[in-house]
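# Summary of structural features
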Amino acid sequence: MIWDLSGASNLEFRILYSAMFNPLNFFKKIPKQPENFIALDFGTTSTKAFIFSLPAGRQASNEQVQLLGKGKGTPSEAVEQAADEAGLRPQQAVVALGGQNCWSLTTTIRLNRPHPEKEIRPDEIQKLNEQIFKTAQIKAAVQMPQFTGDLELIPQLIDSETLYYKLDGRVYSPGRSATGEGGQVLEASISTAYSPTAHLQQLSKTLKELNLDLWAVSSLMFILVKALANGRPKDFNALILDIGGEITDLAVVFGGGVWGSVPLPIGGETFTDALIKRLAFDKKEAKEEKIAYAKRQIREERSLKIEKALESVKDLWLSGVETALQNFEGIKTFPPRIILTGNGARLEQLKEHLSDYPLMKTLPFTSPPTVEVRTDIGPQDMRLVGEEIWRESNES
């Protein structure tokens, strides 16, 4: 097929290019479901690897996905540590993307059907879905370059989650839709996640160097939402702040769907660097002091000195959260539940600062918000991706 791009704008070109070129085609196709897999989280400061086993047979429970080993360090160090602990080295890899390398949004489209008396056909649902994905692609192609400053960035769809279908106000589960019924107003809502094409190309090279084949790629925020929703996504509404090494991922979640996410360029390492700069600590000492401060295991005088050294970074982080929330479009009210995750959330003083911040009283929350810390969930919950693929393959 020959594409005539002579009259296309830069945005149109990037959208067409994304549709034509799928970097995941570089990856080897896995012919069948593996017995085990390795999950990788390429963080900004280190890589985490987890090896899981998959249940055998259609009758097994998807909850039988078991963690066999884990590792952390450079990509090769993390993989080898996990393999040594597990006693095996899987060939198939699941990769979770987050931070500046993953952008999530939810798109909802409502259609008025010209012939409501006619039953909805499968191709009608398919066209609605295609319209949603096309609209989401345009949003990503506009928003991601604006935020990153990279005007040549090409977004590539990596993950999606159907939230619901509605027909004249009646809600249908994602697996059922409204096919075979008549009605006037048909609506669907789908969460999508995108990654820069250039990053996926680099990911392809990294996996090749590690001698791994891609089995699945997912949004880390999607995984966190699944873990936090605990099997009840429709009831899960929250603001999630996943505080990593150098990035804080902020996401607004309604009904188990990520309505929007923004990476903030401040993480746990930013606080460590502040101690190095202001108190002349070396890297090791700064980390130790930060941990002791977080656990409240140092004398009050020392604690006050560290708190003062971290104050400007804390204020910058809070200001970034406030600005990001103010800039979310199409959200009239925010859910009154705020969840801090990631290693950076172990600095529990952030929970206190966020709870006391004036922002909590000025932004449109449906009720006074509560702030909680959940460091028990994270990349280790990438087993959920394996569970989902296992379930889908056994239902097909």
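Residues numbered from 1 in each chain as written. Predicted model: local features only at pLDDT ≥ 70, side-chain atom pairs only at ≥ 80, totals over all residues. Heavy atoms only, no water.

### Looking at the overall build of the protein
The condition that has to hold: The way it works is that DSSP assigns letters per residue, a run of H or I at least four long becomes a helix, a run of E at least two long becomes a strand, and they are numbered from the N terminus. Burial status follows relative accessibility: with a 1.4 Å probe on protein chains alone, a residue under 20% of its type maximum counts as buried, one over 50% as exposed, and anything between as partly exposed. Note on contacts: a residue pair is in contact if any heavy atoms of the two residues lie within 4.5 Å. The Shrake-Rupley method, run with a 1.4 Å probe sphere, supplies the accessible areas, and residue values consider only the shown protein chains as cover.
When helices and strands are tallied, the protein shows 11 helices and 14 strands. When burial is assessed residue by residue, the protein has 49% of its 396 residues classed as buried. When contacts within the protein are restricted to residue pairs at least 6 apart in sequence, those whose partners lie at least 24 apart make up 70%. For the protein, the exposed area adds up to about 19,900 Å²; of that, 50% sits on carbon and sulfur atoms.

### Remarks on the nonpolar core
Worth spelling out the cut-off: Only buried residues count toward a nonpolar core, which is a set of Ala, Val, Leu, Ile, Met, Phe, Trp, Tyr and Cys residues joined through side-chain atoms within 4.5 Å.
Ranked by size, the top nonpolar core spans 39 residues in total, and within it Leu250, Trp317, Leu325, Phe334, Ile338, Leu340 and Leu354 carry the most contacts. The leading source of residues in this core is helix H8 (residues 300-326), at 9 residues. Core analysis: the second largest hydrophobic core is formed by 38 residues, Val95, Ala193, Leu212 and Ala251 among them.

### Quick word on the packing of aromatic side chains
When we look at a pair of aromatic rings, we describe it by the centre distance and by the angle of the planes. Short version of the rule: Each Phe, Tyr or Trp ring (for Trp, its six-membered ring) is paired with any other whose centre lies within 6.5 Å, and the angle between the two planes then decides the class: stacked below 30 degrees, edge-to-face above 60, tilted in between.
In this structure the tally under the stated criterion is 5 aromatic pairs. A ring pair is formed by Phe334 and Phe365, whose centres lie 5.9 Å apart and whose planes are at 50°; its orientation type is tilted. Here the residue Phe334 occupies a position in the loop between H8 and strand S13 (337-341), and Phe365 occupies one in the loop between helix H10 (359-362) and strand S14 (370-373), the gap between them amounting to 31 residues. Here the two residues Phe334 and Phe365 agree in accessibility, since each one is buried.

### Structural notes on the sheet that holds strand S2 (residues 47-53)
The cut-off we apply is this: Here, any two strands with at least 2 DSSP bridges between them count as paired. Note on method: axes are straight lines fitted to C-alpha atoms, helices fitted across the in-contact stretch only, with angles between N-to-C directions ranging 0 to 180 degrees.
Pairing within the open sheet is mixed, and its 5 strands lie in the order S3-S2-S1-S4-S9. Edge positions in the sheet fall to strand S3 (66-73) and strand S9 (213-219), since each of these pairs with one other strand and no more. Within the sheet, the average angular offset between the axes of one strand and its neighbour, ignoring direction, is 20°. Two elements, S2 and S3, share 7 bridges in a ladder whose sense is antiparallel. Each bridged residue has a counterpart across the sheet, and for Thr47 the counterpart in S3 is Gly73. Sitting on the sheet, helix H2 (residues 75-86) touches strand S1 (36-42), S2 and S3, and the angle it makes with S3 is about 145°. Together, S1, strand S4 (92-97) and S9 form the strand contacts of helix H4 (residues 197-209), whose direction differs from that of S4 by roughly 145°.

### Some details on helix H5 (residues 220-229)
For clarity, the threshold we go by: Polar contact criterion, stated in full: a pair of N or O atoms within 3.5 Å, where within protein one must be able to donate a hydrogen and the other to accept it, and residues adjacent in sequence count only if both atoms are side-chain atoms.
Across the 10 residues of H5, 9 count as buried, placing the element largely inside the fold. Among the residues of H5, those classed as buried are Leu220, Met221, Phe222, Ile223, Leu224, Val225, Ala227, Leu228 and Ala229. One side-chain oxygen at the N-terminal end of H5 lies 3.2 Å from the backbone nitrogen of Met221; it belongs to Ser219. Two residues or fewer after H5 comes Asn230, characterised by a positive phi angle close to 55°.

### As for unusual backbone geometry
Of note, the phi angle at Ala280 is positive, near 60°, even though the residue is not glycine. For Ala280, the location among the structural elements is in the loop between helix H6 (268-279) and helix H7 (283-294). Ala280 sits in the exposed class, given a relative accessible area of 66%. Despite not being glycine, Arg296 has its phi angle at roughly 60°, a positive value.

### With respect to the pattern of salt bridges
The test is simple: By definition here, a salt bridge exists when the distance from a side-chain nitrogen of Lys or Arg to a carboxyl oxygen of Asp or Glu is within 4 Å.
Taken as a whole and assessed by the stated rule, the structure comprises 16 salt bridges. With a closest N to O distance of 2.8 Å, Arg232 and Asp235 form a salt bridge. The same class applies to Arg232 and to Asp235, which are both exposed. Across the pair Glu288 and Lys284 runs a salt bridge, and its minimum N-O distance is 2.6 Å.

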